[in-house]
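Geometric and topological summary
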Amino acid sequence: MASNGKNNGKAKANGQWVGKRFKRKEDPRLVRGISHYTDDIKLPRLVHCVFVRSPHAHARIASINTEAARSQPGVLTVITSADIEGLGMIPCAMQMPDLKIPAHPALAKGRVRYVGEPVAVVVAEDAYTARDAAEMVAVDYEPLPVVLDIEKALQKESALIYQDFGTNKAFTHAMKSGDIEAAYKKADRVVKVRLINQRVAPTAMEPRSVVAEYLPGENRLTIWASTQIPHLLRTQVAIMVGLPEPAVRVIAPEVGGGFGSKLNVYAEDGVVPWLSMKLARPVKWTETRRESLMVTIHGRDTINYLELALKKDGTILGLRAKVLADMGAYHQLLTPLIPQLTALMLPGCYKIPAFDCEIVGVFTNKMSTDAYRGAGRPEAAYDIERIMDCAARELNLDAAKFRSKNFPQPREFPFTTAAGLLYDSANYQQSLKRALQLAGYDKLRARQKAGWKQGKYYGVGVSTYVEICAIGPSAATPAGGWESATVRIEPTGKVTVLTGASPHGQGQETTFAQLVADQLGINPDDITIIHGDTLAVPYGIGTFGSRGTAVGGTAVYYAVEKLKIKIAALAAHLLGAKPADIVIAHGRVGVKGNAKKSMPWGEIILAAYTARSIPAGFEPGMEATHFFEPSNFTFPFGTHICAVEVDPETGEIKIEKYVAVDDCGNVINPMLVDGQVQGGIAQGLSQALYEEMVYNEDGQPITGSLMDYAVPKAAHIPEFILDRTVTPTPVNPMGVKGVGEAGTIASTPCMVNAVCDALSPLGITNIDMPLKPERVWRAIAAAQAAVPPPAATTAKSARTARRTA
Amino acid sequence: MIPASFDYESPKTLNEAITLLASREDAKLLAGGHSLLPAMKLRLASPALLIDLGRIGGLDYIRDSGETISIGALATHAAVAASRLLLASSPLLAQAACNIGDIQVRNRGTIGGSLAQAHPSADYPAAILALDANIVATSQSGERVIPAHSFFTGMFTTALRPDEIITEIRVPKTAGSGTVYKKFHHPASGYAVVGVAAVVRGATGKIDDVAIGITGVAEVAYRATAVEDALRGKPASAIAEAAKHAADKVEALGDNYASGDYRRHLAQVYTRRALQEALSSKRK
Ligand SMILES: Cc1cc2nc3c(=O)[nH]c(=O)nc-3n(C[C@H](O)[C@H](O)[C@H](O)COP(=O)(O)OP(=O)(O)OC[C@H]3O[C@@H](n4cnc5c(N)ncnc54)[C@H](O)[C@@H]3O)c2cc1C
């Protein structure tokens, strides 16, 4: 099993395949559009359903009339909550002492609590009929007061979403270490900032989709779903619909992205199978983009009060934080967990002697929040990296030097943080140094100073992030943090890898093949990775939390190691040697130091199946399973630097340079790591600059289409300068950490730091995201009105300013 | 994203199309479909009959007609953007076209469709106004030439009658003038938060004549006549002051992305920059 101490070095960082820029095996079928997503599943007698959704954020349902819809030709049934009494609640996997978990029926019962909440479902022979009939479902609503603002929601006079709870507070959670009072007493300066981490929509390229087929004769339910967690979904749906778990099979075909939003169990996931059971026909539902923006979970949405106690020289003495997190109206699978990850990662990559953090979860009349790329850690990185910048400015210290001063030294690892986590390994100094070099930091600073004199606003943003990956040890997760793998070498010598991870864009069909190829001395093309089918794959946890390779890959690694022992035993028997002397390499199995004694790969594997000559006690066949339980999380880190120019007249932001130096431990495929980093940065920058899920005062989502909700296009994203440092983790034998979320976590504060840095001569310390040009322009205008700038925007007044300065 | 049901006709000639259009009140013309189809999928529009203009041949030309260039209503944004003829003798329209949407939108969307749609943030209207172009509408009663300044009547509304089809757009040549289209793109839709189209004629340092069309600010694109009046016959140095009048007497629209005040401000800044650029581009 995994060691706690040093990298045990069993797998080399680089092999014949591991470490190579090997092209993705997935891509030929994907780029040609010949592969199959859930919505591509077509079955005989398939029927379609459309959900009727609440147009109100909060209302009592007085009556529902489904008669007109029901009587349409082609309509099979129309159901409401009254029809699904037997269907279980939508699950929340979290348990905490004072956590309030509201009942969460799949179809609203008596009340609706957010716009888009499903109220009824129309099932018809075709999607067109279902859509038309859905408009005929008449629901009589009596609107109730709407709760939207999480700070107001906590005030006494606020309306309540759940009368029974007597409060809109979902939970409070405190985390403390060190003596915060003493830290404040010793401090020369306490820097304070209030930050808003706005609500964003995950916007996977493929919206959610569910197809369910129940065969009454066999009592078998098959569900195709666009999900990141096929096994967990199977368990939950089996419970919801009341079938024994072995009767349910979940298949995740191609999944077009998830970003955490498909790490969930939604109303539709329960209702569609239930309908198939009732109708004994296969049923399909595919989300529209409007629905996706409205009723697939959202991410972030926190208000953060931060205080950093410091000595004059920049030594951090303490961090105090209060995080208010918007839960939305109900808990989805992990809703209350996300802000706790924020608390855990708030100390960032710094030595913080005293830490005092309170988190409050709040119900509002909006869609639930839950895991979105980074899930709680981007919020933490944003908080700590933003306040680090504010502190550097107040103390008149360089942003990079100030950070470096508070880093733990490489020899201090494993390092226990103020939040009680044990960081596995790091060298923060090294990645910072490399990033500063690549960015030409000193030159950027010099240009910035010169620019100010000419009324030019250049800014440099630095973010030295650390994040928590490879989720995770089971003790720290709600539903098991291990991963499974079965590796089978077939009689032809070709290898089947069954993984419990459920890649949906990450590329593990490629990286796992590289890994196994090196372990067995064969070609990656002879290895097939199977995932996302509960009937084929042993129980697994799935892909999220940057765990696919570090946890899932490690399970594969150990399963292969088991097979190598078996191959060695058989080969020793057949070649007349000791198992310890058997070498498996280059498509052959041979004996160390005896070039003549060897067998081709295919022959030895076939011998395991024909089993005519096997050692005593040898089990025929060539298959091994491993369930890997990690001993700790892993903690990738790095430094991102961004250079911007802000147009003071319009507030427009030009990104001039973006440098990312990431450390995710050993790298299996640099090309795929680059891809993850690039996509991650794009998504993080997009939160900083563009994305925001906006509800109006009635709780109507007004960024409900991609014409309003801004996801970045290629032209919005600059070229990135990427590099890496390599600090392997001791947590798994491959020394890999995880990289799926790093870019998103690092880039958001980096961007905002850069813009605030550019505008610092105006006395601007914070602008809340997204940094829409109008917001920036208003901040500039307000600052200019308050204090005349040291350098104004025209050459003439710049001259005047210089004279008076 | 499923539209309500509708009938569909694809006439092969303009005459057939005109007859069909006159015969049904609930009919709508379909050109590139890049405004109409999204609206139908969201059920914001539910026409009972679609008359697809796509099968009518010979309506997508861009040709030299002496003083003017004539553009068939079905010319795509991509064709307008890439037209050598336009780029050589009346580039403003091409400059606007290459700023529309993304490649897919430019490959499908048509100039006739865009003008008929009269979206308050569309790009063409600013250029069409600045160029004093003419729009030719055809119906059973024949052809009617509508000057740009009386074509756009409000948000999504035009001077077109329900039985008329836009068949041609006539733009004057702008040899000797500098033209610029400057656009602030909405990050989601790609439409203009503000778009300024400028045509500037003048000798070095002096502005003889100027025309400015502005889109995105008000419910309909407009000519910035206050700026134009302040600049005719004036030196280039007058631009900065004149541009401050870019949104005078205009009721600016605001939305979640950009308020009316901000759009007004952008109109001023972009007008100044467009004029300065147009003047210098002309000198080259
Ligand atoms: C993602 C996206 C981004 C876009 N971005 C921009 C942008 O940045 N700038 C911009 O200006 N536009 C933008 N558009 C709109 C685009 O330019 C449309 O193509 C254009 O507005 C309509 O042209 P169409 O040919 O597609 O017309 P259609 O959608 O087919 O029709 C639009 C309307 O015009 C009518 N119509 C069509 N042709 C005629 C005719 N010849 N005579 C009379 N009536 C007619 C139709 O009945 C309909 O009412 C965007 C569209 C999309 C989908």
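Residues numbered from 1 in each chain as written. Chains lettered and ligands numbered in written order. Predicted model: local features only at pLDDT ≥ 70, side-chain atom pairs only at ≥ 80, totals over all residues. Heavy atoms only, no water.

Points about the sheet that holds strand β1 (residues 7-9) of chain B
All names here are of chain B. For clarity, the threshold we go by: Pairs of strands are assigned from DSSP output, requiring at least two bridges between the strands. Helical segments are the DSSP runs of H or I of at least four residues, strand segments are the runs of E of at least two, and each set is numbered from the N terminus. Axis geometry follows a simple rule: fit a line to the C-alpha atoms, using only the stretch in contact for helices, then measure angles between N-to-C directions, giving values from 0 to 180 degrees.
Here three strands make up an open sheet; going across it, the order is β1-β3-β2 and the pairing parallel. One side of each edge strand has no neighbouring strand; the edge strands of this open sheet are β1 and β2 (27-30). Sheet twist, expressed as the average angle between the axes of neighbouring strands with direction ignored, equals 25°. Alignment of β2 against strand β3 (residues 49-52), held across four bridges, turns out to be parallel. Note on β3: the bridge partner recorded for A27 is L49.

Brief notes about the site of the ligand
The condition is simple: Residues are classed as near a molecule or strand on a simple rule: at least one heavy atom within 4 Å of it. Residues adjacent in sequence count toward polar contacts only when both atoms are side-chain atoms; beyond that, a polar contact is any pair of N or O atoms within 3.5 Å, and within protein one must be able to donate a hydrogen and the other to accept it. Surface exposure here means Shrake-Rupley accessible area, sampled with a 1.4 Å probe, where a residue is shielded only by the protein chains that are shown. In this count, Pro and Cys sit with the nonpolar residues alongside Ala, Val, Leu, Ile, Met, Phe, Trp and Tyr, while Asp, Glu, Lys and Arg are called charged and the others, Gly among them, polar.
The environment of the ligand is formed by 32 residues, the closest being B:L29, B:G33, B:L36, B:T110 and B:D123. Nearby residues around the ligand are contributed by chains A and B. Here B:D123 contributes a side-chain N or O atom positioned 2.7 Å from a nitrogen atom of the ligand. Within the complex, 93% of the 960 Å² of free accessible area of the ligand lies under protein. If you list the elements that add at least two residues to the shell around the ligand, you get β2, α7 (111-117) and β10 (165-172) of chain B. Here the shell around the ligand takes four residues from α7(B), the largest share from any one element. Broken down by class, the residue content of the shell around the ligand amounts to 15 nonpolar, 14 polar and three charged.

Some details on the environment of A:I530
Residue and element names in this part refer to chain A. This is how it is decided: The criterion used for residue contact is that any of the two residues' heavy atoms lie within 4.5 Å.
Along the chain, the position of I530 falls in strand β21 (residues 527-531). Residues I530 and A309, spaced 221 residues apart in sequence, show a C-alpha to C-alpha distance of 51 Å. Every residue in contact with I530, bar those within four places of it in the chain, is listed here: T496, V497, L498, T499, A536 and V537.

Side note on the interface of chain A and chain B
Quoted interface sizes are often the accessible area lost when the parts come together. Quick note on the threshold: Buried area is a sum: the accessible area each of two parts loses on coming together, probed at 1.4 Å, counted once for each and added. Take a side-chain nitrogen of Lys or Arg and a carboxyl oxygen of Asp or Glu: if they are within 4 Å of each other, that pair is a salt bridge.
Taken together, the 29 residues of chain A in the interface contact 24 residues of chain B. When the area that chain A buries against chain B is broken down by residue, the three leading residues are A:E649, A:M707 and A:E774, summing to 24%. The interface formed by chain A and chain B includes five salt bridges. Between A:D132 and B:R43 there is a salt bridge whose closest N-O contact spans 2.7 Å. The tally of links from chain A across to chain B stands at 13 residue pairs in polar contact (both at pLDDT 80 or more). In terms of residue class, the side of chain A that touches chain B is made up of twelve nonpolar, four polar and 13 charged.

Examining the confidence of the model for chain B
Heads up, the condition is: Scored from 0 to 100, pLDDT records how confident the predictor is in each individual residue.
Mean pLDDT over chain B: 96, with 99% of residues reaching 70 or higher. Interface confidence for the predicted complex, expressed as ipTM, amounts to 0.96; the pTM equals 0.95.

So, the packing of helix α17 (residues 670-689) of chain A against helix α18 (residues 742-758) of chain A
Residue and element names in this part refer to chain A. Cut-off, in case you're wondering: Working definition: roughly parallel below 35 degrees, roughly antiparallel above 145 degrees, roughly perpendicular at 65 to 115 degrees, and oblique for all remaining angles. Left-handed describes a crossing in which the near helix is turned anticlockwise from the far one by less than a right angle; the clockwise case is right-handed.
Running from N to C, α17 and α18 point in directions that differ by 40°, and their axes come no closer than 7 Å. Relative to α18, the element α17 is oriented oblique. Between α17 and α18 lies a crossing whose hand is right-handed. Contact residues: α17 offers V677, G680, I681, Q683, G684, L685, Q687, A688 and L689, while α18 offers G743, T744, S747, T748, M751 and V752. Its residues assigned to classes, the contact of α17 with α18 comprises seven nonpolar, eight polar and no charged.

Looking at the packing of aromatic side chains
All names here are of chain A. Applicable threshold: Here is the rule: rings of Phe, Tyr and Trp (six-membered ring for Trp) pair when centre to centre is within 6.5 Å. Planes less than 30 degrees apart are stacked, more than 60 are edge-to-face, and the remainder are tilted. Each residue's exposure class comes from its accessible area (1.4 Å probe, protein chains only) as a fraction of the maximum for that residue type: buried when under 20%, exposed when over 50%, partly exposed otherwise.
Counting across every chain of the model gives 24 aromatic pairs over all chains. Seen in terms of ring centroids, Y350 and F407 are 5.9 Å apart; in terms of plane orientation they differ by 15°. Their pairing is stacked. In this pair, Y350 is assigned in the loop between α9 (338-345) and β15 (354-363) and F407 in the loop between α11 (399-405) and β16 (415-416), connecting sequence segments 57 residues apart. Residue Y350 shares its accessibility class with F407, and that shared class is buried. Taking the centre distance of 5.7 Å and the plane angle of 80° together, the rings of F413 and Y428 count as edge-to-face.

Section: helix α6 (residues 230-241) of chain A
Residue and element names in this part refer to chain A. Put simply, the rule reads: Take the number of residues in a helix, subtract one, and multiply by 1.5 Å to get its expected span.
Helix length check: α6, at twelve residues, gives a terminal C-alpha distance of 16 Å against a target of 16 Å (1.5 Å per residue), a fit within 8%. Along α6, ten of the twelve residues are buried, which leaves the element largely enclosed by surrounding structure. Residues of α6 that are buried include every one of P230, H231, L232, L233, R234, T235, V237, A238, M240 and V241, and no others. Positive backbone phi, at 80°, marks G242, one or two positions downstream of α6.

Considerations on the packing of α9(A) against helix α10 (residues 377-394) of chain A
Residues and elements named next belong to chain A. Two elements in contact, α9 and α10, have axes whose closest approach is 7 Å; the angle formed by their N-to-C orientations is 40°. One element, α9, and the other, α10, form an angle in the oblique class. Read as a crossing pair, α9 and α10 show a hand that is right-handed. Where α9 approaches α10, its residues I338, T342 and M345 are matched on the opposing element by R377, E379, A380 and D383. Looking at the contact of α9 with α10, its residues break down into three nonpolar, one polar and three charged.

With respect to the sheet that holds strand β19 (residues 483-489) of chain A
Residues and elements named next belong to chain A. Spatial strand order, β21-β20-β19-β25: four strands in an open sheet with mixed pairing. This sheet does not close on itself; its edge strands, each paired only once, are β21 and β25 (623-628). Taking the axes of each pair of neighbouring strands and ignoring which way they run, one obtains an average angle of 15° across the sheet. Helix α14 (residues 508-520) rests against β19, β20 (495-499) and β21 of the sheet, and its axis sits at about 135° to β21. Here helix α15 (residues 548-575) sits on the sheet and contacts β19, β20 and β25; the angle it forms with β25, its principal contact strand, is near 145°.

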